[in-house]
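Each chain, letter by letter, is given below.
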Amino acid sequence: MTVIQGVKLDESERAAPALPRDILTEELVFNMGPQHPSTHGVLRVVLRTDGEVVHDCHPLVGNLHRCCEKILENLTYVQGLPYVDRMDYLGALNMEMGLVLSVEKAAAVEVPKRAQYLRVIMCEINRVISHLFAAGQFGLDMGAFTPFLYMFREREEALLLLNQVTGGRLLYHYIRYGGVTRDVTDDWLKRCLAWCDRVAAHMDEYNNLLTYNHIFLNRTCGVAIIDKSTALRYAATGPILRAAGVARDLRKDIPYSSYEDFDFKVPVGPHDKGVVGDSWNRHRQRLLEIEESLKIIRQAVAKLPSGDVSNPKISRGWKAPEGEAYVASEAPRGEISCYFVSDGGKAPYRARMRGPSFQNISLLGETSRGLLIGDLIALMGSIDITLGECDR
Amino acid sequence: MILAETPPFSSHIAGWLAGLVGMEPNWLFSAVGALVVAAVILLLVVTPVGLGGVYLERKLAGRMQNRRGPNRVGPYGLLQSLADGVKLLAKEDILQRGADSPLFRFAPYLVFMAAFAGFVVLPFAPGLVAADLDVGLFYFLALIALETVGIVMAGWSSNNKWSLLGAMREVAQVVSYELPLGLAAMCPALAVGSLSLVAITDYQAGPIWKWLLWRDIYWAIAMVPAFLLFYTAGLAAAKRAPFDLPEAESELTAGFHTEYSGMRFGMFFLPEYAMMLSLSAVTSVLFLGGYHDPIGLSAPGKLFDGVWWWGLLWFFLKTTFLFLTQIALRWTLPRIRIDQVMYLCYKVLLPIGMGSLLLTAALRLLG
Amino acid sequence: MKPAEALSAAMPDAVEEAVEEGTHPFVRVKAERIVEAARVLREKCGAAMLHQVSGVDRPPDRMEVVYHFTRIAPDPAFLCLKVSVPRSDPVVPSLANEWASANWAERETWDLMGIRFAGHPHHYRILLPEDWEGHPLRKDYQYPVEYHGVDCVE
């Protein structure tokens, strides 16, 4: 009998019949292995099912563990920054913000206003493309092949924009302690606004093709409900929590990097179809958040102040003085945070990163009981996990 | 033998063979002649059309998805299917440890046979049918059931729980959808009074208003639901999206054919397109007039009566139209969950089918 | 209510240290009273989620577990509790039975830091393989030379 992370992989238990005179069936232990089109990365899920109905589900993480926290303790501050990108590789700029904000708070580093606005613009573009990816991927899991490619059309243009400023399409290394690396041109800002208009114009297309499609509604409405209490108990944050009806968005609640200067709404479930906290609401939540992010980008571009884009006091060999801080920020998948402790040395003493997917995946076990396998796919797709930030 | 009458090509071949040997053409030579015609149809017509169907699907899917589709191999990517075939042939033949080897090996052939044997009864053009069976329609529907056996064999013998799950889903789906499929197919058969596909086609000789779909307003009320039902149930029987659960890529990796690679996978892949084509063909024969053109020039006594290439052209046009619709549906719609598939079959389509059949019977009685 | 006030009022003998100013306000409580302290935070200070559990190695003789709770409304904020245990035998009562998010977070702290959580329902490693030896985030961790035949030294 194999035991992995305390999970027994045997089929010696018989499934209890649902009705007294039902057929006695045997349970199947399935392995949705690390390589699977739907697990969004190397997530291994061990399912115990009675046919198609899931009795038990054990997510086994750790396949992408790259010891980021230990590496951050061994490299200097500036050397360690690229490792943080690779945690949530789909929302890399937001992940950089996570580490940089904590260090800046602990070391009381000032960030110029222009740099803060540029950070906001880049992070919101990153949020839009991450949500486009997530929504398209969810459609792909549900069998809708085409909306995925339509969303990638917008994503491709945004990657070009980000590439022109930061030098990277997926991993950016743009946000540094004290500011950002490079300024933007007026021409880039014009193109960025044009892209925002294009995304806004295409939202109707996505909604007609995917979100309000009858088959998609049947697959996702009322399916895999994560209600408010479950989300809070498991510390599931981000679109999951908001679709469950909790009005929590760190950009509004505990603003960072000048988010208080912008006027935007926080969409909260329930939305017009389905039940609060179901898969459809999470999907719709992401699409609504895209629209809000576009608003923020437009405002930031319009109000962009002039000035430096980095703090001249931060050099390559900069060390944070002794201190500690805990700052959380809103990434596309939830709340990321870093508990940062410094002892004055050349490297962080402890940089404990929290990736939201770690807690989001942990609620799979409880939420998946009684679902059909197709519904489990809807659950995993709508939670939108990235194993990089889960395993770090 | 249940050959209704020997079609001209096979009788020519029978006569020539008999002349070679120096005997009178009897039933043996007719049978051999029919076999030769069937082989020619399969080789010259169906396989390239199957490969072409793959190419068409990939190009069309690409254009629908804002990209080009294959365009590297050959001009406009026309040789892509050929390259894929060569690639599949060159792959390593993997047989799993623990797989039930005889079943594992035989399953693809069974599926292949079932899909391709369906083309034998299709009337491609006046006089161009491999075997004009009296029970052609019944034979065609029975072959779909035979394919199910092959798929269950594949899923079971793969020694892989995901394949098993895919095979179980497939059995549930295809066997269930045979019911509405059969009911819908009975409507034109009842209207014509014969199960022979050639007879059904001949009944519709004439212009477009002679098609069984809309002969007059009362027939249209009975036949239009039957047509939609047959097409939808055909989609489910061919395991095409939105009913492609048995091979749902995002859920089961590849469903029942996960463990198959190389040409064994090709033996599953090609019959899928052959099945799509043959279902489109049978739909067009039953409801859309088969090889008759919409103007009526192939009716008895008219200009193109009995002209084989004219019939072939229109047969392929109608089949291609339905085939393209299947492709468009696949790339537009998400996948339906298995319990919803069952619900749709038993609680929605089956009542519609029974209603259509009753209405057709009533109309037939009343003349 | 601030956590320092609430905890000093409810369990004054368990509070070891309270820092209210600066970049990171926290309250250090005795290790064995952590479950009760978390309850006080939930009832009196409005802590709705256990946001993060971190382990910090403080050689030569202490280890810390740092809990960050978050209050959602009104007045969103992060509330921090710290617990300090001896390095030779680090055991902390587990919060996993009351706070479901502590389940995986404490498993990770056990996995990487070696701090045991008494009463945890599923006390296994989570990120590293089951047969890994040692707890990597400790400051005195020796890197392995090889693992299942794979060379680990550059």
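Just so it is clear, the model here is predicted, and its values are computed rather than measured. (Residues numbered from 1 in each chain as written. Chains lettered and ligands numbered in written order. Predicted model: local features only at pLDDT ≥ 70, side-chain atom pairs only at ≥ 80, totals over all residues. Heavy atoms only, no water.)

1. Concerning the overall build of chain B
Spelled out, the test is: Secondary structure elements follow DSSP: runs of H or I of four or more residues count as helices, runs of E of two or more count as strands, with numbering from the N terminus. Between two residues, a contact is recorded if the distance between any of their heavy atoms is within 4.5 Å. Here the Shrake-Rupley method, with its probe set to 1.4 Å, supplies the accessible areas, and only the displayed protein chains count as covering residues. Positive residues here are Lys and Arg, negative ones are Asp and Glu, while His and the chain termini are left out of the count. Charge coordinates come from a single atom per side chain, which is NZ of Lys, CZ of Arg, CG of Asp or CD of Glu.
Looking only at helices and strands, chain B has 12 helices and zero strands in total. Beginning at the N terminus, the succession of helices and strands in chain B can be written as α-α-α-α-α-α-α-α-α-α-α-α. Seen along its three principal axes, the alpha-carbon backbone of chain B occupies a region of about 60 × 55 × 40 Å. Within chain B, contacts between residues at least 6 apart in sequence are counted, and of these 76% link residues at least 24 apart. Approximately 15800 Å² of chain B is accessible, and the part contributed by carbon and sulfur atoms is 72%. Within chain B, the 23 negative side-chain charges are centred at a point lying 10 Å from the centre of the 24 positive side-chain charges.

2. Comments concerning helix α3 (residues 101-113) of chain C
Residue and element names in this part refer to chain C. Convention followed: To estimate how far a helix should reach, multiply one less than its number of residues by 1.5 Å. Between buried and exposed lies partly exposed: a residue is buried under 20% and exposed over 50% of the maximum accessible area for its type, with that area taken using a 1.4 Å probe on protein chains only.
Over its 13 residues, α3 extends 18 Å from the first C-alpha to the last, a length consistent with the 18 Å expected when each residue adds 1.5 Å. α3 sits mainly inside the fold: 11 of its 13 residues count as buried. Along α3, the residues classified as buried are Ser101, Ala102, Trp104, Ala105, Glu106, Arg107, Glu108, Thr109, Asp111, Leu112 and Met113. Just beyond α3, the residue with positive phi is Gly114, at close to 90°.

3. Details of the arrangement of the chains
Comparison of the two pairs of chains in contact shows the highest number of contacts for chains A and C. Taking C-alpha atoms as the reference, chain B and chain C come no closer than 25 Å and do not contact one another.

4. Digging into the interface of chain C and chain A
For clarity, the threshold we go by: Buried area, as used here, totals the accessible surface that two parts lose on assembly, with accessibility defined by a 1.4 Å probe and the loss added over both. Any Lys or Arg side-chain nitrogen found within 4 Å of a carboxyl oxygen on Asp or Glu counts as a salt bridge. When residues are sorted by character, Ala, Val, Leu, Ile, Met, Phe, Trp, Tyr, Cys and Pro go into the nonpolar class, Asp, Glu, Lys and Arg into the charged class, and all the rest, Gly among them, into the polar class.
Counting residues at the interface gives 46 residues for chain C, matched by 46 residues for chain A. Surface buried jointly by chain C and chain A totals about 3800 Å² across both partners, of which 57% is contributed by carbon and sulfur atoms. Among the residues of chain C in contact with chain A, C:His51, C:Trp104 and C:Leu127 are the three that bury the most area, contributing 18% of the side total. Salt-bridge contacts for A:Glu324 lead to C:Lys82; the nearest nitrogen and oxygen are separated by 2.9 Å. For the side of chain C that touches chain A, the elements supplying multiple residues, two or more each, are β3 (47-58), β4 (62-71), β5 (77-86) and α3 of chain C. The element that contributes the greatest number of residues to the side of chain C that touches chain A is β3(C), accounting for 11 residues. Residues that form the side of chain C that touches chain A fall into these classes: 26 nonpolar, 10 polar and 10 charged.

5. Quick look at the side chain of B:Ser196
Residue and element names in this part refer to chain B. Here Ser196 is to be found in the loop between α6 (161-192) and α7 (197-203). Given a relative accessible area of 6%, Ser196 falls into the buried group. In contact with Ser196, not counting residues within four places along its chain, are Asp132, Leu133, Asp134 and Gly136.

6. Observations concerning the nonpolar core
General note: in soluble globular proteins, nonpolar side chains tend to be found buried as a group. The line we're drawing: Residues grouped as a nonpolar core are buried Ala, Val, Leu, Ile, Met, Phe, Trp, Tyr and Cys residues, joined through side-chain atoms within 4.5 Å.
Counting 164 residues, the largest nonpolar core has A:Trp195, C:Tyr67 and C:Phe69 as its most contacted members. No other element matches helix α4 (residues 113-141) of chain A, which puts 12 residues into this core. Leaving out residues up to four positions away in the same chain, C:Phe69 has contacts with C:Ala38, C:Leu41, C:Ala47, C:Met49, C:Leu50, C:His51, C:Ala77, C:Phe78, C:Leu79, C:Leu81, C:Leu95 and C:Trp99. Counting 80 residues, the second largest nonpolar core, distinct from the first, contains B:Leu137, B:Leu181, B:Cys187 and B:Ile327.

7. As for the packing of aromatic side chains
Stated formally: Put simply, two rings from Phe, Tyr or Trp (the six-membered ring, in Trp's case) pair if the centres are within 6.5 Å, and we call them stacked under 30 degrees between planes, edge-to-face over 60, tilted for the rest. We count a charge as sitting over a ring when the NZ of a lysine or the CZ of an arginine lies within 6 Å of the ring centre and within 35 degrees of the ring normal.
In total, this model carries 35 aromatic pairs over all chains according to the counting rule given. Ring geometry for A:Tyr77 versus A:Tyr177: centroids 6.0 Å apart, planes at 80°, classification edge-to-face. Placement of the pair is A:Tyr77 in helix α2 (residues 77-85) and A:Tyr177 in the loop between β6 (175-176) and β7 (179-180), with a sequence separation of 100 residues. Taken as a pair, A:Tyr77 and A:Tyr177 share a single burial class, namely buried. Here the aromatic residues A:Tyr117, A:Tyr256, A:Tyr259, A:Phe262 and A:Phe264 are joined through ring pairs into a cluster of three or more. Cation over ring: A:Lys252 sits above A:Phe264, and NZ or CZ is 4.2 Å from the ring centre. Above the plane of the ring of C:Trp99 lies C:Arg42, whose end atom (NZ or CZ) is 4.1 Å from the centre.

8. Notes on helix α4 (residues 101-117) of chain B
All names here are of chain B. Our working definition: Two axes are fitted around each residue, one to the seven residues ending there and one to the seven starting there, and the angle between them is reported as the bend at that residue.
Helix length check: α4 (17 residues) gives 25 Å between terminal C-alpha atoms against 24 Å at 1.5 Å per residue, within 8%. In the structure, α4 departs most strongly from a straight axis at Ala107, where the bend amounts to approximately 30° and where the proline Pro108 lies between one and four residues downstream. Within the sequence span of α4, burial applies to Phe104, Ala107, Pro108, Leu110, Val111, Ala114, Ala115 and Phe116. The inward-facing, buried residues of α4 abut α2 (27-64), α5 (136-157) and α10 (263-287).

9. Some remarks on the pattern of salt bridges
Residue and element names in this part refer to chain A. In this structure the tally under the stated criterion is 53 salt bridges over all chains. A salt bridge links Glu104 to Arg119, with the shortest nitrogen-to-oxygen separation between them at 2.7 Å. Here the residue Glu104 occupies a position in helix α3 (residues 92-107), and Arg119 occupies one in helix α4, the gap between them amounting to 15 residues. Note on accessibility: Glu104 and Arg119 belong to one class, buried. Across the salt bridge formed by Glu124 and Arg251, the nearest N and O atoms sit 3.1 Å from each other. Residue Glu124 is located in helix α4, and its partner Arg251 is located in helix α10 (residues 250-253); the two are separated by 127 residues in the primary sequence. Each of Glu124, Arg127, Arg242, Asp249, Arg251, Glu289 and Glu330 takes part in a single network of salt bridges with overlapping partners.

10. Quick notes on the interface of chain A and chain B
Of the residues lining the interface, 34 residues belong to chain A; the matching set on chain B comes to 25 residues. At the boundary of chain A with chain B, total buried surface from both sides reaches about 2600 Å², with 59% on carbon and sulfur atoms. Summed over the shared surface of chain A and chain B, the result is two salt bridges. The salt bridge partner of B:Arg337 is A:Asp375, with a shortest N-O separation of 2.6 Å.

11. A short note on the confidence of the model for chain C
Parts of the model with low pLDDT should not have their predicted coordinates read in detail. Residues and elements named next belong to chain C. We apply this condition: Each residue carries a pLDDT score, the predictor's confidence in it, ranging from 0 to 100.
Residues with a pLDDT of 70 or more make up 99% of chain C, whose mean pLDDT is 89. Ranking the elements of chain C by mean pLDDT puts helix α1 (residues 3-10) last with 83 and strand β6 (residues 91-93) first with 93. Model confidence for the complex is summarised by a pTM of 0.89, with the ipTM given as 0.90.

12. Things to note about the environment of A:Glu292
Residue and element names in this part refer to chain A. For Glu292, the position within the fold is in helix α11 (residues 279-302). Judged by its relative accessible area of 7%, Glu292 falls in the buried class. Sequence separation between Glu292 and Val199 is 93 residues, and the spatial gap between their C-alpha atoms is 12 Å. In this structure Glu292 touches Phe264, Lys265 and Pro267, once residues within four positions along its chain are discounted.

13. Focus: the sheet that holds β3(C)
Residue and element names in this part refer to chain C. Heads up, the rule is: When DSSP finds two or more bridges between a pair of strands, those strands are recorded as paired. For helices, the fitted axis covers only the stretch in contact; all axes are lines through C-alpha atoms, and the angles between them, taken along N-to-C directions, range from 0 to 180 degrees.
Strand order across the open sheet formed by five strands is β1-β2-β5-β4-β3, with mixed pairing between neighbours. The sheet terminates laterally at β1 (15-19) and β3, the two strands that pair on one side only. Strand-to-strand twist in this sheet, taken as the mean axis angle between neighbours without regard to direction, amounts to 20°. Here 10 bridges tie β4 to β5, and the two strands are oriented antiparallel to one another. Directly across from Met63, in β5, lies its bridge partner Val85. Sheet strands in contact with helix α2 (residues 34-44) are β2 (26-29), β3, β4 and β5, and its direction is about 170° off that of β5. Against the sheet, α3 engages β3 and β4, with an angle of about 5° to β3.

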